[in-house]
Amino acid sequence: MASITLDNLAHSYLPDPRSESDFALKELNHEWVDGEAYALLGASGCGKSTLLNIISGLLIPSQGRVLFDGKDVTTAPTADRNIAQVFQFPVVYDTMTVYENLAFPLKNRRMEPAEIQRRVQKIAAMIGMEAQLSHKARGLTADAKQKISLGRGMVREDVNALLFDEPLTVIDPHMKWELRTQLKKLHQDFGHTMIYVTHDQTEALTFADKVVVMHDGRVVQIGTPQELFERPAHTFVGYFIGSPGMNLFDAEIEGNTARVCDAIVPLDGFYTAAGKMQIGVRPEFVRLSTGDEGIPARIRRIEDVGRHKILRLDVAGREINALAAEGENISADSNRITFAPGRINVYADDWRISPQEGTA
Ligand code: ADP
Ligand code: MG
């Protein structure tokens, strides 16, 4: 296992990149700590696979270095990096049996036959394919083939890192949950450094200790699920994580107040306005009120989603979401919203800013 350092890394697929927008991966410095399980989360096209392929050596970055335990591997071929990578679509040897496919990475390393047998049996149990070990891979469903790919990725215990690039895309929804649980268990048992790429926040938040959120070629936040929920560093994180995502309001910030739609919203500390100012409040912390304090709002629609209700509100012509507990009474007279204390984040040009020292 290894720690993986990204040093001034950036990548453009163009031969002669001129501006930042030419880079699929904007400049990045980061250390993936040895033995941690990370999720790399972001919308399609934001650069997740580009970053993963640079780590695995399928792609040489146009700028910067990749270090494994301090050793420069930037231009080293994949085979020399001692990693396992699982892709979105199955990569299996059709003419081999399931057993032979799973044993392949171990045979390659000249492992003892008894040890190979033991590992293959264990992995077959994890992916639920013990009964098909003697079947040829040809003729199996895409779903089964992808499980073999996953198994092959997990079969070696001595790898520097395990990289998964949206590995459950072709797997049916029920099995997804099961396989994710197995991957988590594998991490607990062996403590490999794992990077799991996904565009699905539920997958990311349930799999990883730390989630790396990417947006438009940039890493916008690295944090625990709780940090991403409570203090989204960028408006994209607020909106992308949570269901529904964080509400954003254009605001005029003055000291410890925000003016939103002619209402005064008290803030927890003093802020200095710089650029386009917004406040962000998650639906969990929006309260309806009937008083004259707060921001004028109108209930448009109430959706019952089981555990709670989603209130779709109209605030100055824009849709704002609030959550209410299942049994909560919602007064038809509600005409304003207020926010739970300490739950407002302030943004300048989409990046979260902190209150001035000593004022929070
Ligand atoms: P993700 O995995 O997050 O969906 P990718 O890393 O595949 O994103 O792609 C990031 C950006 O780089 C996208 O705009 C994509 O079109 C572009 N891109 C990816 N691969 C190539 C390539 N081989 N050549 C040119 N552009 C590419
Ligand atoms: Mg991808």
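Each value, and the rule that gives it
- Residues numbered from 1 in each chain as written.
- Chains lettered and ligands numbered in written order.
- Predicted model: local features only at pLDDT ≥ 70, side-chain atom pairs only at ≥ 80, totals over all residues.
- Heavy atoms only, no water.
- Helix = DSSP H or I, 4+ residues; strand = E, 2+ residues; numbered from the N terminus.
- Buried < 20%, exposed > 50% of the residue type's maximum accessible area, 1.4 Å probe, protein only.
- Areas by Shrake-Rupley, 256 points an atom, 1.4 Å probe, with all protein chains shown as cover.
- Lys, Arg positive; Asp, Glu negative; His and termini not counted.
- Charge placed at Lys NZ, Arg CZ, Asp CG, Glu CD.
- Salt bridge = Lys/Arg side-chain N within 4 Å of Asp/Glu carboxyl O.
- Pairing = 2+ DSSP bridges.
- Axes fitted to C-alpha atoms, helices over the stretch in contact; angles between N-to-C directions.
- UniProt positions renumbered as here; feature names shortened; annotations may be inferred.
- Expected span 1.5 Å × (residues − 1).
- Contact = heavy atoms within 4.5 Å.
- Polar contact = N/O pair within 3.5 Å; in protein donor to acceptor, adjacent residues only side chain to side chain.
- Patch = residues over 30% accessible without salt bridge, like charges linked within 9 Å, V, L, I, M, F, W, Y side chains within 5 Å.
- Parallel < 35°, antiparallel > 145°, perpendicular 65-115°, else oblique.
- Left-handed = near helix turned anticlockwise from the far one by under 90°.
- Nonpolar A, V, L, I, M, F, W, Y, C, P; charged D, E, K, R; others polar.
- Phe/Tyr/Trp six-rings, centres within 6.5 Å; stacked < 30°, edge-to-face > 60°.

Our next topic: the overall build of the chain. Summing up its helical and strand segments, the chain has 8 helices and 22 strands in all. Reported as C-alpha extents along the three principal axes, the dimensions of the chain are approximately 75 × 50 × 35 Å. For the chain, the proportion of its 360 residues judged to be buried stands at 49%. Approximately 17100 Å² of the chain is accessible, and the part contributed by carbon and sulfur atoms is 48%. Averaging the positions of the 39 positive and the 48 negative side-chain charges in the chain gives two centres separated by 5 Å.

Our focus in this paragraph is helix 1 (residues 48-56). Judged by how many residues are buried, helix 1 sits mostly within the fold: 8 of 9 residues are covered. Considered for burial, the residues of helix 1 that qualify are Lys48, Thr50, Leu51, Leu52, Asn53, Ile54, Ile55 and Ser56. Immediately beyond the C-terminal end of helix 1, within one or two residues, lies Gly57, with a positive phi of roughly 95°.

Counted under the stated rule, the structure contains 23 salt bridges. The partner of Glu115 in a salt bridge is Arg118, with the nearest N and O atoms 2.8 Å apart. Taken as a pair, Glu115 and Arg118 lie in helix 3 (residues 113-126) at a separation of 3 residues, close to a single helical turn. Residues Glu157 and Arg119 are paired through a salt bridge, measuring 2.6 Å at the closest nitrogen-oxygen approach. Of this pair, Glu157 sits in the loop between helix 4 (142-154) and strand 7 (161-165) while Arg119 sits in helix 3, and the two are 38 residues apart along the sequence. Through salt bridges with shared partners, a single ionic network connects Arg298, Arg300, Arg301, Glu303, Arg312, Asp314 and Glu319.

This part is about the sheet that holds strand 18 (residues 308-315). The strands making up a sheet associate through hydrogen bonds between their backbones, and the pairing can be parallel or antiparallel. Reading across the sheet, the 3 strands line up as 17-18-19 and stay open at both edges, with antiparallel pairing between neighbours. Each end of this open sheet is capped by a strand with a single partner; those strands are strand 17 (298-304) and strand 19 (318-325). The mean angle between the axes of side-by-side strands here comes to 25°, regardless of whether they run parallel or antiparallel. Examined bridge by bridge, strand 17 and strand 18 share 6 bridges and lie antiparallel to one another.

The subject of this paragraph is the pairing of strand 13 (residues 263-271). Sheet topology places strand 12 (residues 252-260) next to strand 13; 5 bridges connect them, and they run antiparallel. What sits directly across from Thr257, in strand 13, is Pro266. Counting the residues that bridge the hairpin from strand 12 to strand 13 gives 2 residues, and of these Cys261 lies at a positive phi of roughly 45°.

The sites that carry the UniProt feature "domain: ABC transporter" (unreviewed entry) are, in the present numbering, residues 4-241. As annotated, residues 4-241 comprises 35% helix and 24% strand, and the C-alpha atoms at either end are separated by 26 Å.

Here helix 5 (residues 173-190) spans 26 Å end to end across 18 residues, near enough to the 26 Å set by a 1.5 Å rise per residue. The secondary structure elements touched by the buried residues of helix 5 are strand 3 (37-41), helix 3, helix 4, strand 7, strand 8 (193-198) and helix 6 (201-207). Measuring from the backbone nitrogen of His174 back to the side-chain oxygen at the start of helix 5 gives 3.1 Å, which picks out Asp172 as the cap. Where helix 5 ends, the next residue or the one after it, Gly191, has phi of about 60°, a positive value.

Here we come to a nonpolar patch on the surface. Together, Leu58, Phe87 and Val91 make up a nonpolar patch on the protein surface, roughly 250 Å² of accessible area in all. Residue Phe87 is classed as partly exposed on the basis of its relative accessible area, which comes to 31%.

At their nearest, the axes of helix 2 (residues 98-108) and helix 4 sit 8 Å apart, and the two run at 30° to each other. Comparing the axis directions of helix 2 and helix 4 gives the class roughly parallel. Of the two elements, helix 2 crosses helix 4, and the hand of that crossing is right-handed. Contacts from Val98, Asn101, Leu102, Phe104 and Pro105 in helix 2 reach Ile148, Gly151 and Arg152 in helix 4. Considered class by class, the residues forming the contact of helix 2 with helix 4 number 5 nonpolar, 2 polar and 1 charged.

Our next topic: the packing of aromatic side chains. One pass over the full model with this rule turns up 8 aromatic pairs. Considering the side-chain rings of Trp32 and Tyr38, the 4.9 Å spacing of their centres and the 85° angle between planes classify their relative orientation as edge-to-face. As far as burial versus exposure is concerned, Trp32 and Tyr38 are alike and both buried. Centre to centre, the rings of Tyr93 and Phe104 are 4.8 Å apart; their planes meet at 50°, and the pair counts as tilted. Residue Tyr93 is located in the loop between strand 6 (83-86) and helix 2, and its partner Phe104 is located in helix 2; the two are separated by 11 residues in the primary sequence. Given the relative accessible area of 35%, Tyr93 is considered partly exposed. By relative accessible area, which is 27% here, Phe104 ends up partly exposed. Through successive ring pairs, a cluster of aromatic residues spans Phe164, Tyr196 and Phe207.

Taken in spatial order, the 3 strands of this open sheet run 15-20-16, and their pairing is antiparallel. At either end of the open sheet lies a strand with only one pairing partner, and these are strand 15 (286-289) and strand 16 (295-296). Direction of pairing for strand 15 relative to strand 20 (residues 336-339): antiparallel, over a ladder of 4 bridges. Pairing of Arg287 across the sheet is with Thr338, part of strand 20.

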